[in-house]
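A closer look at the structure
These are the residues of each chain, in order.
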Amino acid sequence: MKYYNQTNETKSNWKINSFDKLFRKSIFFYWQLQGETPSISPYTIYDPWRGKLVNLKNLNSIDPKISNIKNFSSFYWIRDIRDHNKSFSRNLVRNTILDWFENNKKWDPIQWKPNLISQRISNLLFTFSWFGNSADDNFQKSFLSFIFPQFRCLSIDWKKMINDLDKLEALKGLIVTQAFINTSKTEIQSLFEIFLPILQGQLNTDGGHNTRQPENHLKFIKIAIECRVALSNANIENLKILDQIILKTISVCKIWLHGNGEFVHFNYAGKSNPDDIKQIMNWRTSKLKTPNYLPETGFAKFSSGRNSVILNTGLNFNDKFYQPSGALAFEFSIGKSKLIVNSGQCSENRKLKNLLMKTIAHSTLSIDGLNSSDFIKGRHSTISNVEIGPAEGGFLASCSHSGYEQTHGIIHTRKIFLANGGKDLRGSDKLEYTGAPGEIPSLGIIRFHLHPFVSARISNRQQVILKIRGQNSGWFFKSKNCKVLLDQSLYLNQGIQTPCQQIISEISLINIQSIGEITVNWTFKNLSLKENE
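Residues numbered from 1 in each chain as written. Predicted model: local features only at pLDDT ≥ 70, side-chain atom pairs only at ≥ 80, totals over all residues. Heavy atoms only, no water.

Moving on, we come to the overall build of the chain. A count of helical and extended segments in the chain gives 16 helices and 17 strands. In terms of C-alpha radius of gyration, the chain reaches 26 Å, essentially the compact-globule figure of 24 Å for 533 residues. Per-residue burial for the chain yields a buried fraction of 57% across its 533 residues. Here the analysis covers contacts within the chain between residues at least 6 apart in sequence; of these, 70% occur between residues at least 24 apart. As displayed, the chain offers around 23600 Å² of accessible surface, 49% of which is attributable to carbon and sulfur atoms. Charge centroids of the chain, computed over 65 positive and 44 negative side chains, lie 3 Å from each other. (Helix = DSSP H or I, 4+ residues; strand = E, 2+ residues; numbered from the N terminus. Rg over C-alpha atoms; globule rule 2.2 N^0.38 Å. Buried < 20%, exposed > 50% of the residue type's maximum accessible area, 1.4 Å probe, protein only. Contact = heavy atoms within 4.5 Å. Areas by Shrake-Rupley, 256 points an atom, 1.4 Å probe, with all protein chains shown as cover. Lys, Arg positive; Asp, Glu negative; His and termini not counted. Charge placed at Lys NZ, Arg CZ, Asp CG, Glu CD.)

See the structure below:
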């Protein structure tokens with residue numbers, strides 16, 4: 001079975017052979033993309049998104065030759081200037097747009113990738129009312145004469161995208177363009193009828209994206225919203241199904257959010273900043289209740305007081321996608337502050353990303369340094385015995401995985417209990433020998449990676465005292481039947497590496513085959529509870 005990693009950083013995400021590349025650089029393909037340029041509709045599309053002030057903090061220029069704008073050719077930065085920087089005139093923005101298209105009017109395998117063309121066209125057309133409505137006829141005609149060859153190329157290439165999420169991105173660009181020029185409703189309706197089944201096919205039955213990746217789920221919502229805006233602009237009716245999808249996926253997305261608005265660091269999440277997430281999530285208020293558990297997507301979230309636990313209860317793979325090896329990993333936040341985290345994989349450094357996909361980079365248990373899954377050797381962890389719900393005095397989650405059964409004949413079961421009020425988090429990790437053949441294990445290690453804003457020290461009583469920056473009340477950690485240590489760790493958020501600490505609980509497993517099972521109990525408690533004991 002062949003697997004590929006569908007993340008936002010995927011580079012080879014479309015199929016084009018060497019002959020196609022050679023033909024597309026010829027004058028014949030250039031002529032093929034030319035044609036009659038339609039006129040601009042008197043009704044421009046309203047932009048659902050706001051610009052970001054933070055993007056302009058170190059802006060030096062909008063000249064693409066010297067500009068430090070990231071992803072310049074997507075033209076998202078026009079929103080930033082429109083909403084937050086009046087020193088760049090509309091006329092300067094218009095000239096920059098035309099100059100870029102003049103220098104990139106011939107096909108290029110990078111700048112003419114279908115998903116990038118779609119992003120570029122959509123961003124330009126959504127912001128056109130700001131820079132284009134007041135422009136003269138010459139600019140508007142030139143603008144469309146550059147846009148439409150790329151639109152025609154996109155209409156040819158969208159099917160070449162390898163995964164369906166990128167196909168949706170490409171189709172969105174076609175829908176937005178057709179709505180912008182006020183083409184016939186029949187043509188737009190036909191595009192929508194292609195778009196909708198692909199959109200529906202991306203979701204699990206519980207409403208989560210089928211890649212189990214929060215960033216892909218957010219991207220899915222953004223694509224759906226932009227299409228919804230364009231279709232409404234084109235007076236397309238019967239959008240009830242699309243509205244239902246948007247509202248459900250918004251409510252589901254909340255399961256991955258901490259109190260500070262950031263994503264939990266599972267499955268490549270951690271790239272989007274809270275403002276981006278909030279803007280998409282707040283596009284339309286969903287009255288649907290945020291689920292505590294997504295059985296097919298494989299995540300659980302339970303809260304008490306202002307504190308929340310988010311637990312990975314899902315498979316690491318399916319027929320197409322594989323994930324980091326974080327079986328039964330969890331994160332724990334205290335209000336808007338994170339306490340227990342996973343390292344995250346939002347790095348463009350491939351070696352670092354591969355390292356942080358390992359089980360040791362997650363707040364879970366590993367045996368003898370092995371990952372809970374090994375895709376090269378075809379070893380996958382299956383999930384079983386999932387029980388999640390209220391319990392006496394709080395909320396309990398219990399789950400098992402078989403990632404170490406093939407190598408050591410061991411099943412790992414984790415239980416996590418959050419007491420009412422949120423100030424007492426208790427857990428247990430049980431390793432059970434099934435009798436299956438395998439190597440005799442030596443050492444089990446339970447890791448609890450701490451957020452960079454958390455400082456830790458070991459007391460004389462072998463308890464770990466935890467102080468969270470900005471909070472008056474500290475926490476403590478203790479564990480039974482293991483050796484507790486502190487070590488260094490690494491945390492990635494929005495591409496920034498930050499050193500942090502991790503708590504390590506070491507368990508000897510040499511005798512597990514003779515005694516049958518070993519259980520380690522652990523707890524995180526607010527220091528105010530310790531004082532009352």
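Together, Phe 19, Phe 23, Ile 27, Phe 28 and Trp 31 make up an exposed nonpolar region whose accessible area comes to about 590 Å². For the nonpolar patch, the secondary structure elements donating two or more residues are α1 (18–24) and α2 (27–33). Per-element tally for the nonpolar patch: the top contributor is α2, with three residues. Among the secondary structure elements, Phe 19 is positioned in helix α1. (Patch = residues over 30% accessible without salt bridge, like charges linked within 9 Å, V, L, I, M, F, W, Y side chains within 5 Å. Salt bridge = Lys/Arg side-chain N within 4 Å of Asp/Glu carboxyl O.)

In this section: unusual backbone geometry. The backbone of Asn 238 sits at a positive phi, close to 60°, despite the residue not being glycine. The exposed category is assigned to Asn 238, whose relative accessible area is 73%. The backbone phi angle of Leu 328 is positive, close to 65°, even though this residue is not glycine. Structurally, Leu 328 can be placed in the loop between β3 (307–312) and β4 (330–334).

In this model, helix α8 (residues 164–180) (17 residues) spans 24 Å end to end at C-alpha, consistent with the 24 Å of a helix rising 1.5 Å per residue. Within α8, 16 of the 17 residues are buried, which leaves the element mostly enclosed by the surrounding structure. Residue Asn 163 occupies the N-cap position of α8, its side-chain oxygen lying 3.2 Å from the main-chain nitrogen of Leu 165. Count one or two residues on from α8 and you reach Asn 182, which has phi positive near 60°. (Expected span 1.5 Å × (residues − 1). Polar contact = N/O pair within 3.5 Å; in protein donor to acceptor, adjacent residues only side chain to side chain.)

On the surface, Arg 50, Lys 278, Arg 306 and Lys 336 cluster together to form a positively charged patch. In this fold, Lys 278 is placed in helix α12 (residues 274–281).

Here we come to the sheet that holds strand β7 (residues 383–391). What the eight strands build is an open sheet, ordered β7-β8-β9-β10-β17-β14-β13-β12; its pairing is antiparallel. Because the sheet does not close on itself, it has two edges, and the strands there are β7 and β12 (454–458). Strand-to-strand, the axes of this sheet are offset by a mean angle of 15°, without reference to chain direction. Examined bridge by bridge, strand β13 (residues 464–468) and strand β14 (residues 475–479) share three bridges and lie antiparallel to one another. By the bridge assignment for β14, Val 464 is matched with Phe 477. (Pairing = 2+ DSSP bridges. Axes fitted to C-alpha atoms, helices over the stretch in contact; angles between N-to-C directions.)

By size, the foremost hydrophobic cluster in this structure holds 96 residues, and its most contacted members are Phe 131 and Phe 143. Element by element, the count of residues in this core is highest for helix α10 (residues 214–233), at 10 residues. The contact partners of Phe 143, leaving out residues within four places of it in the chain, are Ile 97, Leu 98, Leu 124, Leu 125, Phe 128 and Phe 131. Residues Val 309, Leu 311, Phe 477 and Leu 509 belong to the second largest nonpolar core, which totals 37 residues. (Core = buried A, V, L, I, M, F, W, Y, C linked by side-chain atoms within 4.5 Å.)

Our focus in this paragraph is the pattern of salt bridges. Throughout the structure, instances matching the rule amount to 16 salt bridges. Across the pair Arg 24 and Asp 157 runs a salt bridge whose closest N-O atoms are separated by 2.5 Å. On the criterion of sequence distance, the pair formed by Arg 24 in helix α1 and Asp 157 in helix α7 (residues 137–157) is long-range, its members being 133 residues apart. Of the two residues, Arg 24 and Asp 157, neither departs from the other in class, the shared state being buried.

Turning our attention to the state of the cysteines. Here, the word disulfide means a covalent bond between the sulfur atoms of two cysteines. Inspection of the entire model under this criterion finds zero disulfides. Free of any disulfide, Cys 227 has its nearest cysteine sulfur in Cys 253, 18 Å distant. Here Cys 482 is not disulfide-linked; the sulfur of Cys 500 is the nearest cysteine sulfur, at 20 Å. (Disulfide = S-S within 2.5 Å.)

Turning to its location among the elements, Ala 397 is positioned in strand β8 (residues 394–401). A C-alpha to C-alpha distance of 17 Å links Ala 397 and Gly 305, two positions 92 residues apart in sequence. Apart from the residues within four sequence positions on either side, Ala 397 is in contact with Phe 302, Leu 311, Glu 387, Ile 388, Arg 414, Lys 415 and Ile 416.

Before going further, it helps to examine the packing of helix α9 (residues 185–201) against helix α11 (residues 240–253). Running from N to C, α9 and α11 point in directions that differ by 30°, and their axes come no closer than 11 Å. For the element pair α9 / α11, the angle class is roughly parallel. The two elements α9 and α11 meet at a crossing, and its hand is left-handed. Only Ile 241, Leu 242 and Ile 245 of α11 make contact with α9, whose side of the interface consists of Phe 192, Leu 196, Leu 199 and Gln 200. (Parallel < 35°, antiparallel > 145°, perpendicular 65-115°, else oblique. Left-handed = near helix turned anticlockwise from the far one by under 90°.)

This next bit is on helix α3 (residues 77–84). In terms of residue burial, α3 counts as a mostly covered element, since six of its eight residues are buried. Within α3, the full set of buried residues consists of Trp 77, Ile 78, Arg 79, Asp 80, Ile 81 and Arg 82. Close packing links the buried residues of α3 with α4 (90–103), α5 (114–126) and α6 (128–131).

A word on the confidence of the model for the chain. When pLDDT is averaged across the chain, the result is 90; 95% of the residues are at 70 or more. Overall, residues 1–10 carries pLDDT values under 50, and its contacts beyond four positions in sequence, including any with other chains, amount to 38 contacts. (pLDDT = per-residue confidence, 0-100.)

With that settled, the discussion passes to the side chain of Asp 206. Looking at the element boundaries, Asp 206 is found in the loop between α9 and α10. Only 2.6 Å separates the side chain of Asp 206 from the side chain of Thr 297, close enough to count as a polar contact. Apart from the residues within four sequence positions on either side, Asp 206 is in contact with Lys 248, Val 252, Leu 294, Pro 295, Glu 296 and Thr 297.

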